[in-house]
Amino acid sequence: IDNVNGLLPMLSQTGQLTMAEQLGRASLAVARNLPGLDPVIFADALANLATVMGVEGNLSESFRLFNELEAKAAELPAEPLFVHSLNAGQIYLEHGLLSDAERYLSKARQISESNEFEPYLMMGIFNALGRLAADSGDPNASIRWHEEALSILKEHGFESELLHAIIVDNIGLAFATKQCFR
């Protein structure tokens, strides 16, 4: 199960969604029948399949799986719960489901306020919150969140020109939106 959990994101990123879905369903079926399975491994199986289903556009199945994952939240350490909430928020954001995206991204943000996470995870939440604010018509909040992401990028010395360009572009889009609605 753990090996499949590690494989699913790679399959999804390379566009092999049918194979990812099949492996994800098989992994989850096995996980459901293993008593005493580590809750994090089970949660990863749920979240990975929910993510694949969301990327495929099967949002009802994705919602169902993420809701099942939420019911297990009390059993999870902070970092996996943060990552699963962030991923769910990003999927719903991609599909324009802003209230669902906000629910999950707010949960991820709340978790991050009382925990210390890797800088790239914090950049991810700030960037997602910036996109959510932009899509919700709040360019000022979008600028603040993207500037927070940019601050982490600079503070921790990430050498990625692509990340820098994406974040700066997002800030520019938010400023342009703000100017259009003056």
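A.B. asks: Please clarify how the overall build of the protein chain should be interpreted in this entry.
C.D. replies: Secondary structure assignment for the protein chain yields nine helices and zero strands. Along the protein chain, helices (α) and strands (β) appear in the sequence α-α-α-α-α-α-α-α-α when read from the amino end. For 182 residues, the compact-globule estimate of 2.2 N^0.38 gives 16 Å, and the C-alpha radius of gyration of the protein chain, at 17 Å, lies within 12% of that figure. When its C-alpha atoms are laid out on the principal axes, the protein chain stretches across 55 × 30 × 30 Å.

A.B. asks: How should helix α5 (residues 78-94) be read in this particular structure?
C.D. replies: It helps to recall that an α-helix has 3.6 residues per turn; residues three or four apart then point in one direction. For α5, spanning 17 residues, the distance from its first C-alpha to its last is 24 Å, which sits close to the expected 24 Å at 1.5 Å a residue. The set of residues buried in α5 consists of P80, L81, F82, H84, S85, L86, A88, G89, I91, Y92 and L93. On the buried face of α5, the contacting elements are α3 (39-56), α4 (59-71), α6 (98-113) and α7 (119-135). Positive phi appears at G96, one or two residues downstream of α5, with a value of about 75 degrees.

A.B. asks: Please explain the environment of E75 as it appears in this structure.
C.D. replies: With respect to the element layout, E75 can be found in the loop between α4 and α5. Owing to a relative accessible area of 48%, E75 belongs among the partly exposed residues under this scheme. For the pair E75 and A43, spaced 32 residues apart in sequence, the C-alpha to C-alpha distance is 9.2 Å.

Rules used throughout
Residues numbered from 1 in each chain as written. Predicted model: local features only at pLDDT ≥ 70, side-chain atom pairs only at ≥ 80, totals over all residues. Heavy atoms only, no water. Helix = DSSP H or I, 4+ residues; strand = E, 2+ residues; numbered from the N terminus. Rg over C-alpha atoms; globule rule 2.2 N^0.38 Å. Expected span 1.5 Å × (residues − 1). Buried < 20%, exposed > 50% of the residue type's maximum accessible area, 1.4 Å probe, protein only. Contact = heavy atoms within 4.5 Å.

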